[in-house]
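# Remarks on the overall topology
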Amino acid sequence: MTAETPAAAVSTVSTATSLDGRSFRYRAGGASSLLPGDLVVITTPDGVEILGQVREGGQASSSAEQSGTGTVIGVIGPDDAPLRRQKPAFAAGTVRAPSVTHLVALQRAGGADLPIGTWRSGGAEAEARLRAQGFNRHSFLCGQSGSGKTYALGVILEQLMLGTDLRMVVLDPNADFVRLSEARTDAPAAEAGRIEAMDVRILRPDSAGGQPLRLRFATMPRQAQAAVLQLDPLADRGEYSQFMRMTEDGVPVDIATLVARLAAGTADEQALGQRIENLGLLDWEVWAGEQASAAEVVESGARVTVLDLGGFRHPREPVAVALDLVERLWAKRGSRTATLIVIDEAHNLCPAEPSGPLQTALVERLIQIAAEGRKYGLWLLLSTQRPSKIHPQVLSQCDNLALMRMNSPSDVSDLAKAFGFAPEAMLRTAHDFAQGEVLVAGGFVPVPGFVQMGARLTYEGGSDVSVPQSAPAPAS
């Protein structure tokens, strides 16, 4: 098959009609196999060729016919790319499958420049690309366990590293991206060399080795400090007020110095000190001391900073270090430094129902970044297994969707409500996706499409545990 040859036949008796130049209805003979998401080339009676995309398809009253609806993309220009501003109405246009050239030209015209895998549409197959500029809005990657979600996220991050100068911060709870700076031996030499030359910092708890992952209590906003101390302004009115009075001079103080000061104070101050001791905060390994905090590493100019949040002894330490980081990014938002905040297993840090002052403070800041961060160059990329686990005020701000296999009808229904730009008929096919297959829709693609993710360039930090098999029984 050449690039100029249609990849699959659509029945020559297939016809399409558009009354408004924006949408069309089609009717196809029994030999046709048009599916939601397929691109089609429609030739009008006066010979104009128009590129369209099927959105809904089904059987007509006669079982030998198929009917459905679609969206008009635009008149096909001399370079095979659609002219989106030219969308004439038409009657009784004939429908045929696109060629590979049409897929390539559509992506080129839409500014899609980051290769991530293979795009199949209407029987044609071409390299799938995302728009780098489409990441200047919030993105959501979703797929059930085993769908290839973590692998796919790695492919996307690698291409952002190679195709942009975007600063990235990766909050990584399962150490899946701690080898993001290590090119695979089978990766192309040029890409491997560029990745290994980048300033990629991997910050980890002491138990994992590497550069220490730390936070600096003294430079956190007072409300964030109070959240670390598990102080609720209403439930703990006395201690909260006492803490605010002690820190109102704005002089930075670390946690150990604070406890020492409280021990020599009034009864109320001693009670606050006992709270800190009872919470076990003095035993946390996450305090920076003389070392750099994660926020300071990011500010130092690191291109990519991976925070391995697993391995801390106390479950609140990863939440605290994430809070310190996003608070600093928000405080420095005036610099307008383009930054992608990647949160893998995002339900751990941005749950629909946060628990306790610390997690609540983090979610509230993420909600603010989701609502206002775009104008400052702060963009979120969230990855999780189920949309219902993510706080709705953050999810509703996402303008890009990458959906992998999803068996739950209720989850698909939630996605259809949250992401109106993703055709519902395409969403409904998610339960049949193979591993690594993804539906991409939104601002980072020219049109919604089904993509098979390509190969990783770097090593994945973690992998599933295989079922141990017993040794074969000896022959009798």
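Heads up: these notes are all about the structure in this document. Please read all numbers here as calculations on a predicted model, not as lab measurements.

The next thing to look at is the sheet that holds strand β15 (residues 339-343). Taken in spatial order, the 12 strands of this open sheet run β9-β8-β19-β18-β17-β10-β16-β15-β11-β14-β12-β13, and their pairing is mixed. Edge strands, defined here as strands with exactly one partner in the open sheet, are β9 (124-131) and β13 (211-212). As paired strands, β15 and strand β16 (residues 378-384) are joined by 5 bridges and run parallel to one another. Residue pairing for β16: Leu-340 is matched across the bridge by Trp-379. Sitting on the sheet, helix α2 (residues 149-163) is in contact with β8 (112-121), β9, β10 (138-142), β11 (167-172), β12 (200-204), β14 (304-308), β15, β16 and β19 (449-453), with an inclination near 140° to β8. Running over the sheet, helix α10 (residues 356-372) touches β10, β15 and β16 and is turned about 120° from β16.

A word on helix α1 (residues 100-109). What sets the pattern is the α-helix's 3.6 residues per turn: residues three or four places apart point alike. Of all 10 residues that make up α1, 7 are buried, and the element is covered over most of its length. Looking only at α1, the buried set comprises Val-100, Thr-101, His-102, Leu-103, Ala-105, Leu-106 and Gln-107. Where α1 ends, the next residue or the one after it, Gly-111, has phi of about 75°, a positive value.

Next up on the list: empty space enclosed by the protein. Tallied over the entire structure, the rule returns 3 cavities of 30 Å³ or more. Roughly 90 Å³ of volume is contained in the largest cavity. Going through the elements one at a time, α1, β8, β9 and β19 are the ones with two or more residues in the lining of the largest cavity. The element that contributes the greatest number of residues to the lining of the largest cavity is β9, accounting for 3 residues. Residue composition of the lining of the largest cavity, grouped by class: 10 nonpolar, 2 polar and 1 charged.

Turning our attention to the packing of helix α6 (residues 255-263) against helix α7 (residues 267-278). Axis separation between α6 and α7 bottoms out at 7 Å; the angle between their running directions is 140°. As summarised for this structure, α6 and α7 are arranged oblique, according to the angle between their axes. Here α6 and α7 pass one another in a crossing that is left-handed. Contacts between α6 and α7 pair Ile-255, Leu-258, Val-259, Leu-262 and Ala-263 from the former with Glu-269, Gln-270, Leu-272, Gly-273, Ile-276 and Glu-277 from the latter. For the contact of α6 with α7, the class distribution of residues is 7 nonpolar, 2 polar and 2 charged.

Overall, the coordinates contain 0 disulfides when judged by the stated rule. Cys-142 takes part in no disulfide bond, and the closest cysteine sulfur, belonging to Cys-398, lies 11 Å away. Between Cys-350, a free cysteine, and Cys-398, which holds the nearest cysteine sulfur, the sulfur-to-sulfur gap is 8.9 Å.

Below, the discussion takes up the pairing of β19. Summarising burial for β19: 4 of the 5 residues are buried, a large majority. Sheet topology places β8 next to β19; 3 bridges connect them, and they run antiparallel. Paired with Thr-118 across the two strands is Gln-452, which belongs to β19. Pairing of strand β18 (residues 437-442) with β19, which is carried by 4 bridges, proceeds in the antiparallel orientation. Its bridge partner lying in β19, Val-438 is registered against Val-451. Taken together, β18 and the strand that follows it, β19, pair antiparallel across an intervening segment of 6 residues.

To continue, consider the pattern of salt bridges. One side chain can pair with another of opposite charge once the charged atoms of both are near each other. A full pass over the atoms with the stated rule returns 21 salt bridges. For the salt bridge of Glu-125 with Arg-120, the shortest nitrogen-to-oxygen distance reads 2.9 Å. Residue Arg-120 is classed as partly exposed on the basis of its relative accessible area of 47%. Asp-186 is the partner of Arg-184 in a salt bridge, and the nearest nitrogen-oxygen pair spans 3.0 Å. Put simply, Asp-236, Glu-239 and Arg-275 are held in one network by salt bridges that share partners.

Calculation notes
- Residues numbered from 1 in each chain as written.
- Predicted model: local features only at pLDDT ≥ 70, side-chain atom pairs only at ≥ 80, totals over all residues.
- Heavy atoms only, no water.
- Pairing = 2+ DSSP bridges.
- Helix = DSSP H or I, 4+ residues; strand = E, 2+ residues; numbered from the N terminus.
- Contact = heavy atoms within 4.5 Å.
- Axes fitted to C-alpha atoms, helices over the stretch in contact; angles between N-to-C directions.
- Buried < 20%, exposed > 50% of the residue type's maximum accessible area, 1.4 Å probe, protein only.
- 1 Å grid on protein atoms, 1.4 Å probe; cavity = no way out; pocket = protein on both sides within 12 Å on 5 of 7 lines; lining within 4 Å.
- Points joined across faces, edges and corners; volume = space filled by probe spheres on them.
- Nonpolar A, V, L, I, M, F, W, Y, C, P; charged D, E, K, R; others polar.
- Parallel < 35°, antiparallel > 145°, perpendicular 65-115°, else oblique.
- Left-handed = near helix turned anticlockwise from the far one by under 90°.
- Disulfide = S-S within 2.5 Å.
- Salt bridge = Lys/Arg side-chain N within 4 Å of Asp/Glu carboxyl O.

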